[in-house]
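# Descriptive structure summary
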Amino acid sequence: MNKSTIFRLTAVAASMMVLPNAWANVEGYATLNGGTTGGEGGEVVYATTGTEINEAMCNRATDDTPLIIYVTGTINHSNTEKVSGSCNTSDSSIQFKGVSNISLIGQGEALFDEIGIHLREASNIIIRDVHVRNVKKSGSPISNGGDAIGLEKNVHNVWIDHNELEASGGEKDGYDSLIDMKATVQYVTVSYNYLHHSGRGGLIGSSDNDTDNTFITFHHNRYENIDSRLPLLRHGTVHAYNNYYKDVSKSGMNPRIGGQIKAENNVFNNVQNPIGTFYTDDMGYWDISGNQFIDVTWLDNSTNHPAGPEPVSTTSITIPYSYDLDDASCIASVVLATAGNDTDNAVSSGDCTTSDSSSSVEDDADTSSDTSSDATADENNDDSTSSDSSDKSLGENLSLNAGSDGNGKSHGSYGHVRDGDTTTYWAPKGSTGRVSIKWSSAQTINTIVIQEANEFAGQITGWQVVNNDNGDVLATGSSAGTISFADVSLKKVNFVITSSSGQPTVAEFETYYAN
């Protein structure tokens, strides 16, 4: 099964709506209930401060107008101010309150330093590629109740993917959880995150009376040096598969008071009480299979009710969506290669292999093969593999001696957009994405040519050309081809696909200074 599988309904979920392939590698409960697409198709903005994030939310036409926010640099209290208007922002956290259809995506090192991300009365939100650290509930500065990411009160359809979340201690040090969900949070997928050095991983349901938090998926996450709550679950249903837990000092999965968890093909390494009901006699339930336990300890006493030392299931849970399941034998290597915000959104292929996890050296550096491929194309006089013959009036294609990068790929490499060969191409992981051409020193350009792969021609329906150096939008449009704009000197230019009717592709991203 590949990542483009359309998620199927079972009889258990007959009332749920499945979203067909809105983002290429989203799995889990976030695909149900209408699906989770974030700001797909919306305006693309760039932020380097918390205030700019707040301004982007407040400048939307309505509270549900789609919006994609790319974040670069460090977000902290000193650069985050509350912005007023038809929005509800904060100066002490990045707050998505009363809003929907937003993607918050890090570029490079997007660090949220001592400032948390809070979702309240929000839906269809994507948080990807960010690093959140040292969010405190006591001491100074305080933010978000001490949670790196907090979901609270009528929040649904959220995808938290490829982030790094950490603290520098536990509650006595002023910290709370890495991800907390409470007061009716539903249809959430938490995938490919690196969570570490915290007293608490996170809870689902803040008290025994908090009963409506449910349908949460955790997969391919890396948990290290955490005391407990992986997660602490009250009442709801959780699916946890292909996660890697290492050096957990107190307890791992903790379903209680009717909470139930399906745990498949996870690996627990040096973990005390990996699965069970702990610190209470109000029992939860577990459906377990394929898990691997390495150097684990099962501690059974009056308030600890572990599933082991010979763990067996106490319930049966049906999962209402399709998903790719790696064997536990490879989970350590797969998760270490894919989890976190520095893996170029690499994902598992579902068969103990992973996608290309980063742009290779040749993607980001000048290569000698460009000249040889051009020479071969000229020698063969084959216009299908080179655009030089059709674009000689524009002058030299400056991309041929440049580097390239982007914000994720489902096909090809970033280098394919500048190799002079239209039979090779890059494709983003969803229906939107960014690919960039960059140079070591500033270049003056005024024209770009975007060629789609022949078999996917016409799929791009919305785009922006952006000066990466300062965030200026140089041009916008609805179809690929030759794009002209005023002369600009820059070191990096972005082609941002904002919408598409199918699989968007870029076979060639040519850049010119045309006289």
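This write-up is about the structure you can find in this document. (Residues numbered from 1 in each chain as written. Predicted model: local features only at pLDDT ≥ 70, side-chain atom pairs only at ≥ 80, totals over all residues. Heavy atoms only, no water.)

## A short note on the state of the cysteines
Defined simply, a disulfide is a covalent bond joining two cysteines at their sulfur atoms. Applying the stated criterion across every chain yields a total of two disulfides. What pairs with C58 in a disulfide is C87, and their sulfur atoms sit 1.7 Å apart. Its S-S torsion of about 90° marks the bond between C58 and C87 as right-handed, since a negative value means left-handed. Here the residue C58 occupies a position in helix α1 (residues 50-58), and C87 occupies one in the loop between β2 (67-75) and β3 (94-97), the gap between them amounting to 29 residues. For the pair formed by C58 and C87, the shared burial category is buried. A sulfur-sulfur distance of 2.0 Å marks the disulfide that ties C330 to C352. Linking C330 and C352, the disulfide has an S-S dihedral of approximately -75° and is accordingly described as left-handed. In this pair, C330 sits in the loop between β26 (304-306) and α2 (331-338) while C352 sits in the loop between α2 and α3 (361-364), placing the two residues 22 residues apart along the sequence. Residue C330 is classed as buried on the basis of its relative accessible area, which comes to 9%. You can call C352 partly exposed: its relative accessible area is 29%. (Disulfide = S-S within 2.5 Å. Helix = DSSP H or I, 4+ residues; strand = E, 2+ residues; numbered from the N terminus. Buried < 20%, exposed > 50% of the residue type's maximum accessible area, 1.4 Å probe, protein only.)

## A closer look at the nonpolar core
Residues I53, I69, F112, I117, L119, L151 and M181 are the most contacted members of the largest nonpolar core, which totals 60 residues. If we skip the residues at most four places from it in the chain, F112 touches I53, V71, I75, I94, L104, I117, V130, H131, V132 and R133. The next biggest cluster of nonpolar side chains, apart from the first, holds 24 residues, and it includes V417, A475, V493 and V506. (Core = buried A, V, L, I, M, F, W, Y, C linked by side-chain atoms within 4.5 Å. Contact = heavy atoms within 4.5 Å.)

## Side note on the side chain of D326
Counting through the fold element by element, D326 comes out in the loop between β26 and α2. Look at D326 and you get buried, because its relative accessible area is 0%. In this structure the side chain of D326 is engaged in a polar contact, spanning 2.4 Å, whose partner is the side chain of S348. Residues within four places of D326 in sequence aside, it is in contact with H220, N242, N265, I331, V334, S348, G350, D351 and C352. (Polar contact = N/O pair within 3.5 Å; in protein donor to acceptor, adjacent residues only side chain to side chain.)

## Here's the deal with the environment of G202
Its place among the elements puts G202 in the loop between β13 (194-200) and β14 (203-204). G202 sits in the buried class, given a relative accessible area of 4%. Put simply, G202 and M181 are 21 residues apart on the chain and 7.7 Å apart in space, counted from C-alpha to C-alpha.

## What to know about α2
If you check which residues of α2 are buried, you get I331, V334, V335 and T338. Seen along its axis, α2 keeps its buried residues to an arc of 90°; they face one direction. Buried residues belonging to α2 abut β16 (222-228), β19 (244-248) and β22 (267-271). At the exit of α2 stands G340, carrying a positive phi of roughly 110°. (Arc of directions from axis to C-beta.)

## A word on the environment of I68
Note on placement: I68 falls in strand β2. For I68 and I102, which are 34 residues apart along the polypeptide, the C-alpha to C-alpha distance reads 5.9 Å. I68 has contacts with G39, E40, G42, E43, V44, V45, S103, I105 and T432, leaving out every residue within four places of it along the chain.

## What about the pattern of salt bridges?
By the definition in use, this model includes 15 salt bridges. Of the charged contacts in the structure, one is a salt bridge between K262 and D287, with a shortest N-O distance of 2.9 Å. Residue K262 is found in strand β21 (residues 260-264), and its partner D287 is found in strand β24 (residues 285-289); the two are separated by 25 residues along the sequence. Given the relative accessible area of 12%, K262 is considered buried. (Salt bridge = Lys/Arg side-chain N within 4 Å of Asp/Glu carboxyl O.)

## What about the side chain of Q464?
Position of Q464 among the secondary structure elements: in strand β29 (residues 460-467). Residue Q464 is classed as buried on the basis of its relative accessible area of 11%. Beyond its immediate chain neighbours, meaning those up to four positions away, Q464 contacts V44, V473, A475, T476, N494, F495, V496 and T498.

## Focus: unusual backbone geometry
A cis amide bond links L230 with the next residue in sequence, P231, at an omega value of -5°. Among the structural elements, P231 can be located in the loop between β16 and β17 (232-234). The peptide bond linking G308 to P309 adopts the cis configuration, its omega dihedral lying at 20°. Topologically, P309 is positioned in the loop between β26 and α2. The phi torsion at Y192 lies on the positive side, around 55°, for a residue other than glycine. Given the relative accessible area of 0%, Y192 is considered buried. Non-glycine residue N242 carries a positive phi angle of around 60°. Among the structural elements, N242 can be located in the loop between β18 (237-241) and β19.

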